[in-house]
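Per-entry structural report
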Amino acid sequence: MNLDKVKIIELPRVLDERGNLSFFENEKHVPFTIKRTYWIYDVPGGEARGGHAYHSLQEFIVALSGSFDVILNDGHTEKRFALNRSYVGLYVPRMIWRQMENFSTNSLALIVASDLYKQEEYIPDFEQYKTLQQHDH
Ligand code: TYD
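Residues numbered from 1 in each chain as written. Predicted model: local features only at pLDDT ≥ 70, side-chain atom pairs only at ≥ 80, totals over all residues. Heavy atoms only, no water.

**Re the sheet that holds strand 7 (residues 68–73)**
Taken in spatial order, the 5 strands make up an open sheet running 8-7-10-5-12, and their pairing is antiparallel. Two strands close off the open sheet at either side, each with one partner strand: strand 8 (78–83) and strand 12 (122–123). Sheet analysis places strand 7 next to strand 8, joined by 6 bridges and oriented antiparallel. In the strand pairing of strand 8, I71 is matched with R80. (Pairing = 2+ DSSP bridges. Helix = DSSP H or I, 4+ residues; strand = E, 2+ residues; numbered from the N terminus.)

**As for the site of the ligand**
Around the ligand sit R36, Y38, R49, G50, H52, Y117 and Y122, and those are all the residues in its vicinity. H52 is positioned such that a nitrogen or oxygen atom in its side chain is 3.0 Å from an oxygen atom of the ligand. Within the side chain of Y122, an N or O atom sits 2.6 Å from an oxygen atom of the ligand. Contact with the protein chains removes 55% of the 520 Å² of surface that the ligand exposes when unbound. Counting residues per element, the ones that place at least two in the shell around the ligand are strand 4 (36–40) and strand 5 (49–54). For the shell around the ligand, the element with the highest residue contribution is strand 5, accounting for 3 residues. In terms of residue class, the shell around the ligand is made up of 3 nonpolar, 2 polar and 2 charged. (Near = heavy atom within 4 Å. Polar contact = N/O pair within 3.5 Å; in protein donor to acceptor, adjacent residues only side chain to side chain. Areas by Shrake-Rupley, 256 points an atom, 1.4 Å probe, with all protein chains shown as cover. Nonpolar A, V, L, I, M, F, W, Y, C, P; charged D, E, K, R; others polar.)

**Quick word on the packing of aromatic side chains**
Counted according to the given criterion, the structure contains 8 aromatic pairs. With a centroid separation of 5.7 Å and 65° between ring planes, the pair formed by Y117 and Y122 is classed as edge-to-face. Residue Y117 is classed as partly exposed on the basis of its relative accessible area, which comes to 49%. Seen in terms of ring centroids, F126 and Y129 are 6.0 Å apart; in terms of plane orientation they differ by 25°. Their pairing is stacked. Taken together, the positions of F126 and Y129, both in helix 1 (residues 126–134) and 3 residues apart, correspond to about one turn of that helix. Exposure remark for F126: the relative accessible area of 26% places this residue in the partly exposed category. The buried category is assigned to Y129, whose relative accessible area is 0%. A network of ring pairs unites the aromatic residues Y54, Y117 and Y122 as a single cluster. R13 extends its terminal NZ or CZ atom over the ring of Y87, reaching a point 3.8 Å from the ring centre. (Phe/Tyr/Trp six-rings, centres within 6.5 Å; stacked < 30°, edge-to-face > 60°. Buried < 20%, exposed > 50% of the residue type's maximum accessible area, 1.4 Å probe, protein only. Lys NZ or Arg CZ within 6 Å of the ring centre and 35° of its normal.)

**What about the pairing of strand 9 (residues 88–92)?**
Burial of strand 9 is extensive: 5 of the 5 residues sit out of reach of the surface. Every second residue of strand 9 is oriented toward a common face, with V88, L90 and V92 on one face and G89 and Y91 on the other, all of them buried. Sheet topology note: the strand 1 (residues 7–10)/strand 9 ladder contains 4 bridges and is antiparallel. The partner of K7 across the bridge, within strand 9, is Y91. Inspection of the sheet shows strand 6 (residues 59–65) paired to strand 9 by 4 bridges, in the antiparallel sense.

**Quick look at the nonpolar core**
Formed by 18 residues in total, the largest nonpolar core has its most connected members in I61, F68, V70, L72, L90 and M100. Among the secondary structure elements, those contributing two or more residues to this core are strand 6, strand 7, strand 8, strand 9 and strand 11 (108–113). Among the elements that take part in this core, strand 7 stands out by supplying 3 residues, more than any other. Ignoring anything within four residues of it in the chain, the contact list for F68 reads I61, V62, A63, F81, A82, L83, M100, E101, N102, F103, L108 and A109. (Core = buried A, V, L, I, M, F, W, Y, C linked by side-chain atoms within 4.5 Å. Contact = heavy atoms within 4.5 Å.)

This is how it looks when you write it as structure tokens:
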């Protein structure tokens, strides 16, 4: 199933008394070509973001600051990933239902994506997602 392709990716860390540094590079640490970067911030307590899947878009999510949970569901299995380290990212393949919640105060979610923003990439309804997922190869 698709959740098998989900990956927690630990990024390089350059530890330094002056402050630490981490990075990721196109197609090296992130397993796709990065075409877009966005971030989610100022999330009020108790709010959730996401609640959709993408037809072909892949994403890589890092909690640059603070913490939040990413809940992934492939139509059969659900898994919760607690992101709380700025040097750990979550790779989310295409056709995975994803939601983000439990944002801590001042948390910052960095997301890089394999394509530009296209509304037609979105599958906004879970039942529709499950139907599509059953016929997906
Ligand atoms: P959306 O991805 O729907 O966020 P969520 O699933 O958490 O509600 O994005 C919210 C709005 O932001 C949507 O109207 C489109 C806009 N948007 C862009 O213009 N570019 C982007 O890269 C993203 C991610 C969203």
